[in-house]
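Working through the structure, step by step
Here is how the chains run, residue by residue.
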Amino acid sequence: MATFLYKLGRLAFRRRHFVALIWVALLTLAGVGAASAPAAGNSSFSIPGTEAQKAFDLLEQRFPGMSADGATGRVVFKAPTGEKMTDADNKATVNKTVKELQSGSEVASVADPYTGHAVSKDGTIAYASVKYKVSGMELEDSSRDALKEAAQDARKAGLTVEIGGDALQATPETGSSEVIGIAVAAVVLVITFGSLLAAGFPLLTAIIGVGIGVSTITALASALDLGTTTSTLASMIGLAVGIDYALFIVSRYRAELAEGREREEAAGRAVGTAGSAVVFAGLTVVIALVGLSVVNIPMLTKMGVAAAGTVAIAVLIALTLIPALLGYAGRKIKPAGEKSKLLGGGRPKSAEKKARPNMGTRWASFVVRRPVAVLLLGVIGLGAAAVPAASLELGLPDDGSQPVSTTQRRAYDLLSDGFGPGFNGPLMVVVDAKDSDSPKAAFAKVRDEIKGLKDVVTVTPAAPNKAGDTATITVIPNSKPSSTTTEDLVHAIRDKGTDITSATDAKVLVTGSTAVNIDVSQKLNDALLPYLALVVGLAFLLLIVVFRSILVPLKAALGFLLSVMAALGAVVAVFQWGWLSGLMNVEQTGPVMSMMPIFMVGVVFGLAMDYEVFLVTRMREAYVHGEKPTQAVVTGFKYGARVVTAAAIIMTAVFSGFMGSSEAMVKMIGFGLAIAVFFDAFIVRMAIVPAVLALLGKKAWWLPKWLDRALPNVDVEGEGLRTAEERRDADPDEEKELVRA
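Our subject in this report is the structure included herewith. (Residues numbered from 1 in each chain as written. Predicted model: local features only at pLDDT ≥ 70, side-chain atom pairs only at ≥ 80, totals over all residues. Heavy atoms only, no water.)

1. A look at the pairing of strand β10 (residues 507-511)
A large share of β10 lies buried, amounting to 4 of its 5 residues. Sheet topology places strand β6 (residues 427-432) next to β10; 5 bridges connect them, and they run antiparallel. Counted as the bridge partner of Val431 is Val508 from β10. (Buried < 20%, exposed > 50% of the residue type's maximum accessible area, 1.4 Å probe, protein only. Helix = DSSP H or I, 4+ residues; strand = E, 2+ residues; numbered from the N terminus. Pairing = 2+ DSSP bridges.)

This is the structure in C-alpha cells:
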C-alpha cells in the first residue's frame with residue numbers, strides 16, 4: 001500500500017492542476033445539485049420492531065385519517081392574576097385562537113378546552129390540543145409559524161400563552177462558542193506548523209470535503225428522506241477527520257523535507273507513510289459509522305452512512321489534494337523545525353537550543369523510565385472518572401429538559417402546575433379486539449385493569465373505531481414523562497396486557513411519545529453490546545493487519561473502552577448529578593440521552609483510532625527499521641506527539657463549541673465528545689500507550705508465524721519506500737528482520 005500511495009502522492013504533486021480541477025469540479029457539481037434539488041422537509045421517524053411503532057401502524061389501519069403518529073401542539077393559556085379562564089373575555093380569546101388554529105392545511109383537529117375538559121380545577125390554566133396530519137419531523141415551517149402567530153394574538157389580549165408538544169421544536173442556538181472552537185483550531189495549526197500557509201491547508205481541505213459531503217447529502221435529501229440532523233453529523237465528523245488527516249500528511253511532509261529530500265519525493269513519502277495511516281484510520285471511522293445500522297433505526301442508519309461517506313471524501317482529499325497544494329506552495333512550506341519569516345523564522349538558533357530534544361521526546365523518555373507509575377496513575381485516574389457511569393440512567397429529552405427561557409419549557413411547567421406532572425406525558429393504550437368474542441367487554445376489562453395500577457391518575461373511557469374492533473384509551477400517569485416511575489408504569493401495563501390477551505384474545509399495545517422514548521431507549525440499550533462487539537472486533541482485525549501484532553490492537557481497544565467509560569462517567573456527573581452544572585450552564589438535570597453511549601462509541605472510537613494509528617505506526621516504523629522497542633517508543637513520540645497533540649486540542653475545541661448550544665441534547669453531545677477526546681488523546685494515547693509498550697518490549701510486536709504468513713503485507717511503515725542505499729546502510733541482521741517484517 002505504501003508504494004501505491006507513494007506513487008499517488010508524487011502524481012498528485014506533479015499533476016496538481018489536474019487534481020485541483022477535479023476537486024473544484026466535484027465541489028461545483030455537488031453545489032449545483034444541492035441548489036437545484038427539491039427542498040426536503042424533516043425526515044420521517046420510525047422504530048421498526050417496537051411495540052409503540054406496531055401500535056401506530058395498527059392505528060393507521062383501523063383509524064384511517066387519525067394520524068396517530070402526527071405532531072401534537074398544546075397551546076397553554078394562563079389567566080391574569082385574580083381572573084379565571086372561564087371569564088367571558090378570556091373565553092372569547094381562547095375561542096378565537098382555536099378558530100385560527102383550525103385553518104392550517106396540515107391541522108387534523110383542534111380540541112376546544114371548554115368542551116374537552118381541559119381547564120384546571122382552580123380555573124386559572126387551560127389548554128387547546130392541536131393534532132397535525134404529519135409527524136413533528138415532517139411538519140412544514142408555515143404550520144409552526146401559524147401556531148406561533150395564534151399564540152401571539154392571544155398574548156396581546158392579556159393572557160399568558162405558551163406552546164408545548166413536538167409540533168414546535170426549539171431551534172438549537174450554538175452562539176459564538178462554535179466559532180471560537182474553529183478559531184482555536186486555526187491558532188493551534190499555526191503554532192504547530194509555524195506557517196500561516198501550512199496551517200491553512202488542513203482547514204481549506206476540510207472545508208472542501210465537508211462542502212462536497214454536505215452538498216451531496218442536501219442534493220439527495222428529498223430522494224432518500226434525509227433530515228437536517230444527517231448533514232449536521234456529517235459536517236461535524238467530516239470537519240474533525242478532515243483537519244486530522246491533512247494535519248498528519250502535512251506534518252510528515254515537513255519531516256521528510258527536514259531529512260533533506262526533494263519536495264516531490266517528500267510529498268510521495270508523506271502520502272506513502274502518513275497516508276497509509278490515514279487510510280486505515282479512515283476505515284476504522286467508516287466501520288464505526290456504518291455499524292450504526294445494527295441499531296435498526298432507519299434515521300440513525302442514514303446518518304451513519306452519510307457521515308461515513310463524508311469521511312471517505314476526507315481521506316481521498318488528504319491523499320490527493322494535499323500533495324497538489326504542497327506542489328503549489330513550493331518553498332513556502334518550510335521543513336519541520338523551521339518557521340516562516342512572518343512568524344519569526346530565519347533567526348539563527350543557538351547550538352544548545354538545537355541539541356535539546358523536543359517535548360515529545362522528553363515526555364516519552366520519562367514514561368519509558370517509569371512505565372509502572374505512569375500506567376497505574378492513568379488507569380486509576382480514568383477508573384475514578386468512570387465511577388459515576390455505574391449510576392447511568394438513560395432516556396430521551398422532553399420539553400422538561402429545555403431551558404427555562406423557551407416557550408416549550410414554560411408550557412411544560414404550566415401544565416404540570418395545573419394538571420399534574422404526568423399530564424405532559426400521556427400514554428395511549430391501543431386495544432385490538434378483532435379476535436375477541438366480546439370487544440366491548442375487552443375494552444372495559446383493559447380500562448379496569450389499568451385503573452388498578454400504581455401511579456395512574458386518570459384513565460379515559462375507551463374510544464372505539466367505526467368497526468368497533470379497536471379502541472384507544474388515554475392514561476395519565478402521576479409522574480413526569482422522563483421518570484423511571486413512568487417507565488415502570490408502561491411495563492406494568494404491557495405485563496397486564498399479556499394476561500388480558502390470554503383471557504379475552506384482545507391485544508394490548510402502549511404507544512404515545514412517552515412510550516416511544518422508552519422503546520427507543522430500550523432498543524439502543526439492546527444494540528449497544530452487539531454494536532460495540534462489531535465495531536471493536538472489525539477494527540481489532542484491521543489493526544492486526546496494520547501493526548502485525550496481537551497485543552498492540554488489544555491494548556488500543558481496551559484503552560478506548562477505558563476512555564469512553566470515563567467520559568460517560570463525566571457526562572453522568574454533570575448532566576445527571578448536577579456537578580459543575582452552573583459552570584456548564586446546565587439548567588435541568590435528568591437522565592442521560594439514550595443515544596449518547598452508542599453515539600460516543602461510534603464517533604470517539606473512530607477519532608481515537610486516528611491517534612492510535614498515527615502515533616503507533618511511527619513506533620512500528622522505527623522498530624522494523626532496527627531500533628530497540630523502548631527507543632522506538634521515544635522515536636514515535638519525537639515525530640508524532642506534536643501533531644497528535646495538536647489534532648486532539650483542535651477536536652476538543654471544536655466539540656466544546658457545541659456546549660454553547662441552547663439545546664440540552666446538543667450541549668451534552670458536545671461535552672461528551674470533547675471530554676472523551678481529551679481523555680483518550682492525553683491520558684490513554686500519550687501516557688498509557690507508551691507505558692504499556694515499554695513494559696511489553698518486543699512482546700508488543702509478537703505475531704504467530706502462521707498468522708504472519710496469512711496476513712497481507714500492507715507496509716504501513718513504508719519499508720518498500722527505502723532506497724537500495726538505505727538498505728545497504730542497515731547491518732545484515734537488521735536487513736533480514738526488515739525483510740521478514
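Having seen the model, we can carry on.
2. Digging into helix α5 (residues 141-156)
Spanning 16 residues, α5 covers 23 Å between terminal C-alpha atoms, matching the ideal 22 Å at 1.5 Å per step. Looking only at α5, the buried set comprises Ser143, Arg144, Leu147, Ala150, Ala151 and Ala154. With its buried residues spanning 125° around the axis, α5 presents them on a single face. Facing away from the buried side of α5 by more than 90 degrees, the exposed set consists of Asp141, Ser142, Glu149 and Lys156. For α5, the secondary structure elements touched by its buried residues are β1 (72-78), α4 (88-102), β3 (125-132) and β4 (160-164). The positive-phi residue at the C-terminal boundary of α5 is Gly158, with phi of around 105°. (Expected span 1.5 Å × (residues − 1). Arc of directions from axis to C-beta. Contact = heavy atoms within 4.5 Å.)

3. Observations concerning the packing of helix α9 (residues 263-290) against helix α10 (residues 298-329)
Where α9 meets α10, the closest approach of the two axes is 9 Å, and the angle between their N-to-C directions is 180°. Between α9 and α10, the angle is such that the two are roughly antiparallel. In contact with Ala267, Val271, Gly275, Val278, Val279, Gly282, Val285, Val286, Leu289 and Val290 of α9, α10 contributes Gly304, Val305, Ala307, Ala308, Val311, Val315, Ala318, Leu319 and Pro323. Counted by class, the contact of α9 with α10 contains 16 nonpolar, 3 polar and no charged residues. (Axes fitted to C-alpha atoms, helices over the stretch in contact; angles between N-to-C directions. Parallel < 35°, antiparallel > 145°, perpendicular 65-115°, else oblique. Nonpolar A, V, L, I, M, F, W, Y, C, P; charged D, E, K, R; others polar.)

4. Details of unusual backbone geometry
Positive phi, close to 70°, is recorded for Asp455, a residue that is not glycine. Structurally, the position occupied by Asp455 is in the loop between α15 (439-451) and β7 (456-459). Phi at Asp505 takes a positive value of approximately 65°, unusual for a residue other than glycine. With respect to the helices and strands, Asp505 occurs in the loop between α16 (484-504) and β10.

5. What about empty space enclosed by the protein?
Within the structure shown, the criterion is met by 3 cavities of 30 Å³ or more. Considering only enclosed or pocket space, the second largest cavity measures out at about 40 Å³ in volume. Lining the second largest cavity, in full, are Met619, Pro629, Ala632, Val633, Leu693, Gly697, Ala700 and Trp701. Broken down by element, the lining of the second largest cavity gets its largest block of residues, 3 residues, from helix α20 (residues 629-656). Its residues assigned to classes, the lining of the second largest cavity shows 7 nonpolar, 1 polar and no charged. (1 Å grid on protein atoms, 1.4 Å probe; cavity = no way out; pocket = protein on both sides within 12 Å on 5 of 7 lines; lining within 4 Å. Points joined across faces, edges and corners; volume = space filled by probe spheres on them.)

6. Notes on the packing of aromatic side chains
This model, assessed by the stated rule, comprises 9 aromatic pairs. Arranged with centres 5.3 Å apart and planes meeting at 90°, the rings of Tyr127 and Phe419 form a pair that is edge-to-face. Here Tyr127 is found in strand β3, whereas its partner Phe419 is found in helix α14 (residues 407-419), with 292 residues between them in sequence. Through successive ring pairs, a cluster of aromatic residues spans Tyr127, Phe419 and Phe423. Here the basic side chain of Arg16 rests over the ring of Phe13, its NZ or CZ set 5.5 Å away from the ring centre. (Phe/Tyr/Trp six-rings, centres within 6.5 Å; stacked < 30°, edge-to-face > 60°. Lys NZ or Arg CZ within 6 Å of the ring centre and 35° of its normal.)

7. Some remarks on the sheet that holds strand β2 (residues 107-111)
Sheet architecture is open: 4 strands sit in the order β2-β3-β1-β4, paired in antiparallel fashion. At either margin of the open sheet sits one strand with a lone partner, and together these are β2 and β4. Ignoring which end each strand starts from, the neighbouring axes of this sheet average 20° apart. By the bridge criterion, 7 bridges tie β1 to β3 in an arrangement that is antiparallel. Residue pairing in the sheet places Phe77 in a bridge with Ala126 of β3. In this fold α4 packs onto β1, β2 and β3, with an angle of close to 170° to the strand it touches most, β2. Along the sheet face, α5 touches β1, β3 and β4 and points at about 160° away from the line of β4.

8. Comments concerning the environment of Lys445
Here Lys445 shows up in helix α15. Counting along the chain gives 58 residues from Lys445 to Ala503, while the straight-line C-alpha distance between them is 9.9 Å. What Lys445 contacts, discounting residues up to four positions off in sequence, is Ile500, Ala503 and Thr504.

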